[in-house]
Amino acid sequence: MPAFAQYDVRDGVAVITIDNPPVNAIGPGVLEAIEESVERGVADPGVRALVLIGAGATFVAGADINIFRALTTREQALEGTAMMHARFRRIEDASKPAIAAIHGHALGGGLELAMACHYRIAANDARVGQPEVLLGLIPGAGGTQRLPRLCGPVMALDMCTGGQPVAAPKALASGILDRIVDGNRQNLIDAALAFARERAAGGEIRRTRDRADKLADIDAARRACDERRAALEPIAQNPAPYAAINAIEAACMLPFDAGSALERELFADCVLSDASRALVHLFFAEREAAKVAGVSRDTPTLDIGRAAVLGAGRLGGGIARTYVDAGIPVLLKDVSQAALAREMQTIRRSYQSSVLNGTLTPEAVERRMALITPTTALDEFDTVDIVTEALVEDLKVKTSVFADLGCATRAGCLLASTTATFDVDELARASGRPASVIGHHYFRPAYTMPLIEIVRGRGTGPEVVATSLKLVKRLGKVGVVVGHCVDLVANRMLASYVREAYLLLDEGASARQIDRALTRFGMPAGPFAMEDVADIDVARIRQQVRQHGVKRRAATRGAVTEDEIVGRITTALASEGAHVLKEGCASRPGDIDIICCYGFGFPRARGGPMYYAHNQRLTTDD
Ligand code: T1G
């Protein structure tokens, strides 16, 4: 049985190292090991204080999400959270100061563990959060009760309904952390040991559950909760944000134990919800998508220090901005100076909203703009590590350009095309360097749309695929490796969605009714209201349908219910997905789910078209 927690005493301080690779998730046995170590430290007369720290690259990334997949009854859920509440409370009741030393991430149950400690010290690049809502859950181990006591209800509401992590400096300013330190994990340990000795000398034990100063203004807390409820999406397939608000409101209105009991009940409601099952499916599907045949963790990757983008159109400009947002300098090449000047202005304007809402300072915008070098020549292309071609969808143009790139760039430089139409193998042949050629299919606007379809050619080298997967993550996006098919996967799936809508129109449903049914299902827009999204030319499909019509299934027109509309559309998507899998354009159903959720907003709380259809069949088969 792995140890899960190492214990060693350093000059009167017990250092408890939590060790459950890769992210120290709290799985079976981990919390028991932590608690045993805490009890050992408390009982050890040579120990004056305790420090809890994570082994490897991070503190604790939360409860092991696999546990929730196994839960089938409310009793199991209530039992699980009651166990976590009790163990965290015993840590909080330790008679010696317990300090959480955080590096990497303290998320979910990891932050809850840290808040059950008496103090929290973190590396200045650490991040803390309660991302449970992204899994259709709420914190189930006291997080909704302790967090507002540290940072107040408003920030707690932000963190528990948005799910986004908070950087250490902001967590320090808000009261979640007590100190942050520069440097590496060793610096953090040294600082935590010194901090622990200070606290031991002071004899100070500060239990989070006893802190009430941040909850003093009950009316303000209630107003904040009401405002947050009102601000939530009107049609939320994911009930977790509402549950999080109710739990935080209870923290402000009720004693700690009563609030904790309500949290456990609300958690049990969420963990068995369809939305949570779907979101947990997507969590693992996203990570599975990064596991590609022939590419392992040991596959070497190439460093991307400098990039180039060919084509200063909307797509090329958006890709250039994506790179500089990740801190990677980029050459932006076009044959036309005027196009370059225009696109540089467009990129600059695209930062305006970030400056207006305070997420970026004007100085930060200037620093990013300075990372883009517009050029009309290939001169410096021998200094870049990747070129992304974002030119017109014309095969002659692309093959000619890839022939030039094969000569103008270094041997190891990745040559990526954004094409969704042509086979990257054709471009690979033209380049003379097939192993370096790959597809990176972005969606407009590239700097906001999260998905990149990575198109693997027959000759693409494994290190080029591995480098692409790593780069996509560094760009803050989600990459799915697909095989070639015209339009690739996202556009092809969306086309089936639009076509089926036209069939329904033809059979008597109104455009308004179809759009309403699908937005109620959770789509960001119905097929008749959507603009060109996911790079698909919706107008082109409308044109196709008008010109050639579609194979009608039933010529009789008549009333169509919203359920029928959703059923037909989701069945059409799943059927197209089955063809995509059969043709080898995607490797797994989960890949298609990720592509549709990130590519054109299939509702995440439904799990993606393949997951949804599979579960619908299960339900109807019951
Ligand atoms: N449980 C199980 N496995 C996890 C995990 C978790 N919490 N977090 C990560 N993994 C696995 C992941 O599947 C992958 O496995 C590997 O670790 C590396 O992950 C009780 C109810 C921490 C920011 O939601 O956000 O606590 O594919 O590729 O990019 O109230 O992982 O290698 O086999 O993402 O460096 C709340 C989820 C849980 C955090 C690191 N916590 N994790 O990102 O690595 S619910 C979360 C992350 C909870 C409590 C509640 C990220 C990360 P494999 P990775 P990364």
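Position labels on residues start from 1 in each chain and follow its written sequence. With the structure being a predicted model, the display of local features is reserved for residues of pLDDT at least 70 and the display and counting of side-chain atom pairs for 80 or more, all residues being used for whole-chain, interface and lining totals. Excluding hydrogens and water, the side-chain values take into account all heavy atoms of the structure.

**Student:** For this particular structure, what's the right way to read the overall build of the protein chain?
**Tutor:** Along the backbone of the protein chain there are 25 helices and 17 strands. For the radius of gyration, the atom set is restricted to C-alpha positions; the globular benchmark scales as 2.2 Å times the number of residues to the power 0.38. Taken over C-alpha atoms, the radius of gyration comes to 27 Å for the protein chain, in line with the 25 Å a tight globule of 622 residues would show. Projected onto its principal axes, the C-alpha coordinates of the protein chain cover approximately 80 × 65 × 50 Å. For the protein chain, the proportion of its 622 residues judged to be buried stands at 55%. Contact definition: two residues touch when any of their heavy atoms are within 4.5 Å. When contacts within the protein chain are restricted to residue pairs at least 6 apart in sequence, long-range pairs at least 24 apart make up 74% of them. For the area figures, the Shrake-Rupley method with a 1.4 Å probe applies, and any residue is considered shielded solely by the protein chains shown. Per element, the accessible surface of the protein chain, about 25,600 Å² overall, is 54% carbon and sulfur. His is not counted, nor are the chain ends, whereas Lys and Arg count as positive and Asp and Glu as negative. Throughout, a charge is located at the NZ atom of Lys, the CZ atom of Arg, the CG atom of Asp or the CD atom of Glu. Here the protein chain contributes 71 positive and 75 negative side-chain charges, whose respective centroids are spaced 1 Å apart. Numbering of helices and strands runs from the N terminus, with a helix taken as a DSSP run of H or I at least four residues long and a strand as a DSSP run of E at least two residues long. Type-normalised accessible area, obtained with a 1.4 Å probe on protein chains alone, sets the label of each residue: buried when under 20%, exposed when over 50%, and partly exposed for intermediate values.

**Student:** Can you help me understand the site of the ligand in this one?
**Tutor:** As a matter of local geometry, the ligand sits amid 28 residues, with Ala63, Glu112, Gly140, Arg297 and Lys473 nearest to it. In protein, a polar contact means a hydrogen-donor-capable atom and an acceptor-capable atom, both N or O and within 3.5 Å, with residues adjacent in sequence counting only if both atoms are side-chain atoms; elsewhere, any N or O pair within 3.5 Å suffices. For the ligand, an oxygen atom lies 2.5 Å from a polar atom in the side chain of Glu112. In this structure, Glu132 approaches the ligand through a side-chain N or O atom, which is 3.1 Å from an oxygen atom. When the ligand sits alone it has 990 Å² of accessible area, and the protein chains cover 78% of it. Counting residues per element, the shell around the ligand draws most heavily on helix H12 (residues 274-288), at three residues. Ten residue types, Ala, Val, Leu, Ile, Met, Phe, Trp, Tyr, Cys and Pro, are classed as nonpolar, four, Asp, Glu, Lys and Arg, as charged, and the remainder, Gly among them, as polar. Across the shell around the ligand, the residue classes tally to 16 nonpolar, five polar and seven charged. Residue proximity to a molecule or strand is established when one non-hydrogen atom of the residue lies within 4 Å of it.

**Student:** Is there a simple way to explain the state of the cysteines in this structure?
**Tutor:** Think of a disulfide as a covalent bridge from one cysteine sulfur atom to another cysteine sulfur atom. We call a pair of cysteine sulfur atoms a disulfide whenever their separation is within 2.5 Å. Applying the stated criterion across every chain yields a total of zero disulfides. In this structure Cys252 is a free cysteine whose sulfur lies 5.5 Å from that of Cys225, the closest cysteine sulfur available. Taking the relative accessible area as the measure of exposure, Cys252 reaches 6% and is therefore buried. No disulfide involves Cys597; its sulfur sits 7.0 Å from that of Cys596, the nearest cysteine. Given a relative accessible area of 8%, Cys597 falls into the buried group.

**Student:** Sorry if this is basic, but what is going on with the packing of helix H21 (residues 511-521) against helix H23 (residues 562-582) here?
**Tutor:** How two helices pack is summed up by the angle between their axes together with the distance between the axes. Orientation is described by lines fitted to C-alpha atoms, with helices fitted over the stretch in contact, and by angles between N-to-C directions that extend from 0 to 180 degrees. With their axes 9 Å apart at the nearest point, H21 and H23 run at an angle of 75 degrees to one another. Between H21 and H23, the angle falls in the class roughly perpendicular. Mapping the contact onto sequence places Gln513, Ile514, Arg516, Ala517, Leu518, Arg520 and Phe521 in H21 and Glu562, Ile565, Val566, Ile569 and Thr570 in H23. Counted by class, the contact of H21 with H23 contains seven nonpolar, two polar and three charged residues. Put simply, angles under 35 degrees are roughly parallel, angles over 145 are roughly antiparallel, angles from 65 to 115 are roughly perpendicular, and the rest are oblique.

**Student:** Honestly, helix H19 (residues 462-474) in this entry has me stumped. Any pointers?
**Tutor:** Working note: α-helix, 3.6 residues per turn, so residues spaced by three or four point in the same direction. Taking 1.5 Å per residue as the helical rise, H19 with its 13 residues ought to reach 18 Å, and the 18 Å between its terminal C-alpha atoms agrees with that figure. The set of residues buried in H19 consists of Val464, Val465, Ala466, Thr467, Ser468, Leu469, Leu471 and Val472. Looking at the buried side of H19, the elements it contacts are helix H13 (314-325), strand E13 (386-389), strand E14 (414-417), strand E15 (437-441), strand E16 (451-456) and strand E17 (478-482). At the exit of H19 stands Gly476, carrying a positive phi of roughly 75 degrees. Between the first and last residue of a helix there are one fewer steps than residues, each counted as 1.5 Å, and that sum is the expected span.

**Student:** Quick question: what am I supposed to make of the packing of helix H5 (residues 143-151) against helix H6 (residues 153-162) here?
**Tutor:** Relative to each other, H5 and H6 sit at 135 degrees, their axes nearing to 7 Å. Of the possible angle classes, the one that applies to H5 and H6 is oblique. In the packing of H5 onto H6, the handedness of the crossing is right-handed. Together, Leu147, Pro148 and Cys151 of H5 and Pro153, Met155, Ala156, Met159 and Cys160 of H6 make up the contact between the two elements. In this scheme, a crossing is called left-handed if the near helix is turned counterclockwise away from the far one by less than a right angle; it is called right-handed if the turn is clockwise.

**Student:** Would you explain unusual backbone geometry in this entry?
**Tutor:** The phi angle of most residues is negative, glycine excepted, and most peptide bonds adopt the trans form. Geometrically, the link from Pro21 to Pro22 is a cis peptide bond, its omega value of 5 degrees lying close to zero. Note that Pro22 resides in the loop between strand E2 (13-18) and helix H1 (30-43). Following Arg444, the chain continues to Pro445 via a peptide bond in cis, the omega torsion being -15 degrees. Here Pro445 shows up in the loop between E15 and E16. Phi is positive for Phe4, close to 65 degrees, though the residue is something other than glycine. By the secondary structure assignment, Phe4 is in the segment before strand E1 (5-10). The backbone phi angle of Asp487 is positive, close to 75 degrees, even though this residue is not glycine. As for its placement among the helices and strands, Asp487 is situated in the loop between E17 and helix H20 (488-506).

**Student:** Got a minute to help me understand the domain arrangement of the protein chain in this structure?
**Tutor:** Domain extents, as shown, originate in an automatic or database domain assignment. By the assigned domains, the protein chain splits into domain 1 (5-272), domain 2 (307-483) and domain 3 (489-621). Relative placement of domain 1 and domain 3: their C-alpha centres are 41 Å apart.

**Student:** Explain the packing of aromatic side chains here, please?
**Tutor:** Aromatic ring pairs are reported here in terms of the distance separating the ring centres and the angle at which the planes meet. Working definition: a ring pair exists when centres of Phe, Tyr or Trp rings (six-membered ring for Trp) sit within 6.5 Å. Plane angles under 30 degrees give stacked, over 60 give edge-to-face, the rest tilted. Counting across every chain of the model gives seven aromatic pairs. When the ring of Tyr119 is compared with that of Phe195, the centres are 5.6 Å apart and the planes differ by 70 degrees; the resulting orientation is edge-to-face. Here Tyr119, found in strand E6 (residues 119-123), pairs with Phe195, found in helix H8 (residues 185-202); they are 76 residues apart in sequence, far enough to count as distant. Taken as a pair, Tyr119 and Phe195 share a single burial class, namely buried.

**Student:** I'm lost on the sheet that holds E6 in this one. Help?
**Tutor:** Read from one edge of the open sheet, six strands run E1-E2-E3-E4-E6-E9, paired in mixed fashion. Pairing within the sheet leaves two strands with one partner each, and these edge strands are E1 and strand E9 (179-181). The mean inter-strand angle of the sheet, taken between neighbouring strand axes irrespective of direction, is 20 degrees. Paired strands are those between which DSSP finds at least two bridges. Where strand E4 (residues 98-102) and E6 come together, four bridges link them in parallel fashion. In the sheet register, Ala100 faces E6, and the bridge partner there is Arg120.

**Student:** Can you walk me through H21 in this structure?
**Tutor:** Along H21, the residues that are buried comprise Gln513, Ile514, Asp515, Ala517, Leu518 and Phe521. Directly after H21, the chain includes Gly522, whose backbone phi takes a positive value near 125 degrees.

**Student:** For this particular structure, what's the right way to read the pattern of salt bridges?
**Tutor:** Any two side chains of opposite charge can pair if their charged atoms end up close together. The salt bridge criterion pairs a side-chain nitrogen of Lys or Arg with a carboxyl oxygen of Asp or Glu, the two atoms within 4 Å. Under the criterion given, the structure shown has 36 salt bridges. Between Arg199 and Glu198 there is a salt bridge whose closest N-O contact spans 3.7 Å. Judged by its relative accessible area of 36%, Glu198 is partly exposed. Residue Glu500 is joined to Arg568 by a salt bridge in which the shortest nitrogen-to-oxygen separation is 2.7 Å. Residue Glu500 is located in helix H20, and its partner Arg568 is located in helix H23; the two are separated by 68 residues in the primary sequence. Taking the relative accessible area as the measure of exposure, Arg568 reaches 24% and is therefore partly exposed. When salt bridges with common partners are traced through the structure, they connect Glu92, Asp93, Arg146, Arg207 and Arg209 into a single cluster.

**Student:** What is the right way to read the sheet that holds strand E5 (residues 105-107) from this model?
**Tutor:** Paired through their backbone hydrogen bonds, the strands of a sheet run either parallel or antiparallel. Within the open sheet, the three strands sit side by side as E5-E7-E8. Their pairing is mixed. Two strands lie at the open edges of the sheet, namely E5 and strand E8 (166-167), each paired on one side alone. In terms of strand pairing, strand E7 (residues 127-129) meets E8 through two bridges, oriented antiparallel. Bridge pairing in E8 links Val128 to Val166. Here helix H4 (residues 109-116) sits on the sheet in contact with E5 and E7, set at roughly 90 degrees to E5.

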